Amino acid sequence: MLDVLRPFRRVPSQPARLPHRILKPLTLLTVSSLLMLPAITPVQATETAPMVTDPGPAGSFSWEGYNWQKRFWGGAPQFNGSYSATNVSDPDANGHVTLTLTNPTGTAPVGAEFQSTREGFGYGTYSTTVEKNLALQQKEVVWGCLFTYDPAATPGYNEIDLCEASAWGGGAAYGESWPVTQGHGYWFDATKPPGQGNNTITFGITNDSVLTHRMVWEPRKITFETFAGEGYSGRLLKRTVLEGSTVPVPAKEAIHFNLWVTGGGGGKPTAVKPEKVVIRDFSFTPASSTAPLRTDNNADVLARDTSGAFWRYSGDGTGGWLGRTQIGTGWQGYTSILTPGDFDGSGHPDVLARDSSGALWLYPGNDTKELDSRVQVGSGWNGFTDLTAPGDFNGDGNVDVMARDKSGALWLYPGNGNGRWKPRVKIGSGWQGFSAIFGPGDFNGDSNVDVMARDKYGALWLYPGNGNGRWKPRVKIGSGWQGFDIIFGPGDFNGDSNVDVMARDKSGALWLYPGNGTGRWLSPVNVGTGWHIMNSIS
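Cut-offs applied
- Residues numbered from 1 in each chain as written.
- Predicted model: local features only at pLDDT ≥ 70, side-chain atom pairs only at ≥ 80, totals over all residues.
- Heavy atoms only, no water.
- Helix = DSSP H or I, 4+ residues; strand = E, 2+ residues; numbered from the N terminus.
- Buried < 20%, exposed > 50% of the residue type's maximum accessible area, 1.4 Å probe, protein only.
- Contact = heavy atoms within 4.5 Å.
- Areas by Shrake-Rupley, 256 points an atom, 1.4 Å probe, with all protein chains shown as cover.
- Pairing = 2+ DSSP bridges.
- Axes fitted to C-alpha atoms, helices over the stretch in contact; angles between N-to-C directions.
- Salt bridge = Lys/Arg side-chain N within 4 Å of Asp/Glu carboxyl O.
- Core = buried A, V, L, I, M, F, W, Y, C linked by side-chain atoms within 4.5 Å.
- Phe/Tyr/Trp six-rings, centres within 6.5 Å; stacked < 30°, edge-to-face > 60°.
- Lys NZ or Arg CZ within 6 Å of the ring centre and 35° of its normal.

As recorded by an unreviewed UniProt entry, the protein chain carries the name Repeat domain-containing protein and is attributed to Arthrobacter subterraneus.

Spelled out as structure tokens, the structure:
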């Protein structure tokens, strides 16, 4: 069987099929269900354990320990937008679920789909056993075997396809003849056509009536396997291992199964005959590697999404990600979130957060890289238009905070090393002209922490610290930075011993700008997409 590093199919009429697998009705159902769940307030902002046994909100039926919703709304990817919940059976006496593609009039086929109501499965092992002889599948039909999908995780939507099968219309519309093939793969940019926005291996079908599929999703790696028969003792038909920085990072993906008709590639989509698939089982085993304990010293990124959930994105020490862990909910009440370093002297990095009343709260870190109960360390901080955590700016061995007031004055609030403050010091004026101020650490390699600021024209300025709470002359280190809506310093993210800068552009892409250790840049690297759902990143 021939392996193809990129899918051979070319379906110009179907470029948008992937982003539209979930439409508003289920999204509204999920949101309304989640509103009934108790939230962990910021006071209790501790680790949210992996939801190993969480079945998700109630849906159309329960199956294999999870709740599932039958699709009753229309839309993509079915070429005519027609779906019916009656085309998805309830589990039968054997625990099997049947998807049926119907065509009651002979000219208007009706698709079938169901999905988990739970969102957020993440790293682990997924498997399913299905009854379907792919040798008999019509060329216009797409069997969307188990796949993950998150409509908010643009541009790839966290779509991982364990066992998709189709001929995509057969190719006659392009003067070609495409056979039905199976695929193992994932999408990282669905705005691009097949072959450019995905990483997929296709392989030939057999006439086996039962197939078992398994995938293991790990940081920067996915392993796919397809076996003949039920279980893993049958003939291994295909094993695929895909690795690299484009492998999706867990988000709020749901599990989907669907059976539908494509209008691209040729064939007669209106005239397809009824077709079905029986899904015998589904299982998911979370990866033990997602446990809360973290003992590495890699730079991480903290981000709050639009729902108020607070996430830690763990860096792998080489410029990539290990995954993310939710460390709190209810953080939407904070107007500024800082990562100052070890503010209380415990030896662990902490978080500072300002609420809408102006109170400043310390969330102490601990030896698992999580957060302990908060402690108030200030009030009246709502008079400041910008807060930043530069590190130890005055050279006393304790991390500090800077604050810009409404007049443009910049103030240094030195930490005392025990979670409190020394008297503040005015260290600048005229800073109201900057739209972003942040502390990258020691960017120019002189062993003193620095500050960066972007002006209204998009120029980026380095304000080198002198190690004693004052400044050396500023240096312009970039232009065109107005295209970014969030800029921050993660520390040494790529592991080369030099501090770096990250910036999110307006499309939601996250970029790493590696520092060279002497106040200049190495080439930028894209380290993520879909970050537009975050309203605070540090």
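Moving on, there is more to tell.
## A look at the overall build of the protein chain
Along the protein chain, the regular secondary structure elements total one helix and 34 strands. Relative to its 538 residues, the protein chain shows a buried fraction of 56%. Looking at the protein chain alone, contacts between residues at least 24 apart form 56% of all its contacts between residues at least 6 apart. Of the roughly 21000 Å² that the protein chain leaves accessible, carbon and sulfur atoms contribute 53%.

## Side note on the side chain of Ser536
Here Ser536 lies in strand E34 (residues 534–537). Setting aside chain neighbours within four positions, we find Ser536 in contact with Leu302, Ala303, Arg304 and Ile337.

## What about the sheet that holds strand E28 (residues 460–463)?
Spatially, four strands are ordered E26-E27-E28-E29 in an open sheet, and the strand pairing comes out antiparallel. Two strands close off the open sheet at either side, each with one partner strand: strand E26 (434–441) and strand E29 (475–478). Neighbour-to-neighbour, the strand axes of this sheet turn through a mean angle of 30°, independent of strand direction. Where strand E27 (residues 450–455) and E28 come together, four bridges link them in antiparallel fashion. The residue of E28 that forms the bridge with Met452 is Leu462.

## Considerations on the pattern of salt bridges
Under the definition given, this model contains 14 salt bridges. The partner of Lys252 in a salt bridge is Asp305, with the nearest N and O atoms 3.6 Å apart. Taken as a pair, Lys252 in the loop between strand E12 (236–243) and strand E13 (254–261) and Asp305 in strand E15 (residues 300–305) lie far apart in primary sequence, 53 residues in all. Note on Asp305: relative accessible area 3%, which makes it buried. Within this structure, Glu131, Glu230 and Arg280 form a network of salt bridges that share partners.

## Things to note about the nonpolar core
Counting residues in hydrophobic clusters, the biggest one holds 43 residues, and the most contacted among them are Leu99, Phe114, Trp143, Phe257 and Phe282. Sequence-distant contacts of Phe282, defined by excluding residues within four places in its chain, comprise Trp63, Glu64, Tyr66, Trp68, Phe121, Tyr126, Ser127, Leu146, Ile255 and Phe257. Ala309, Tyr313, Val527 and Ile537 belong to the second-largest nonpolar core, a separate cluster that totals 17 residues.

## So, the sheet that holds strand E5 (residues 124–131)
Judged by pairing direction, the sheet is antiparallel, and its six strands sit side by side in the order E3-E14-E5-E10-E11-E12 without closing on themselves. Bordering the open sheet on either side are strand E3 (97–101) and E12, each of which pairs with just one other strand. Between one strand axis and the next, the sheet turns through 20° on average, direction left out of account. As paired elements, strand E11 (residues 221–228) and E12 share seven bridges and run antiparallel to each other. The residue of E12 that forms the bridge with Ile222 is Leu242.

## Points about the packing of aromatic side chains
Overall, the coordinates contain 47 aromatic pairs when judged by the stated rule. An angle of 80° between the planes, with centres 5.9 Å apart, marks the rings of Phe384 and Tyr413 as edge-to-face. One end of the pair, Phe384, is in strand E22 (residues 384–391); the other, Tyr413, is in strand E24 (residues 410–414), and 29 residues separate them in sequence. Both residues of the pair, Phe384 and Tyr413, belong to the buried class. When the centroid spacing of 5.9 Å and the interplanar angle of 75° are considered together, the rings of Tyr513 and Trp521 count as edge-to-face. Under the relative-accessibility criterion, Trp521 is labelled partly exposed at 23%. Members of the aromatic cluster, connected to one another through ring pairs, are Phe61, Trp63, Tyr66, Trp68, Phe114, Phe121, Tyr123, Tyr126, Trp217, Phe257, Phe282 and Phe284. In this structure, Arg71 packs its charged tip against the face of Tyr83, placed 3.8 Å from the ring centre. A cation over an aromatic ring shows up here: Arg214 above the ring of Tyr232, its NZ or CZ 3.7 Å from the ring centre.

## Some points on the environment of Leu387
As for its position among the elements, Leu387 is in strand E22. For Leu387, a relative accessible area of 10% translates into the label buried. Sequence separation between Leu387 and Ile437 is 50 residues, and the spatial gap between their C-alpha atoms is 7.9 Å.

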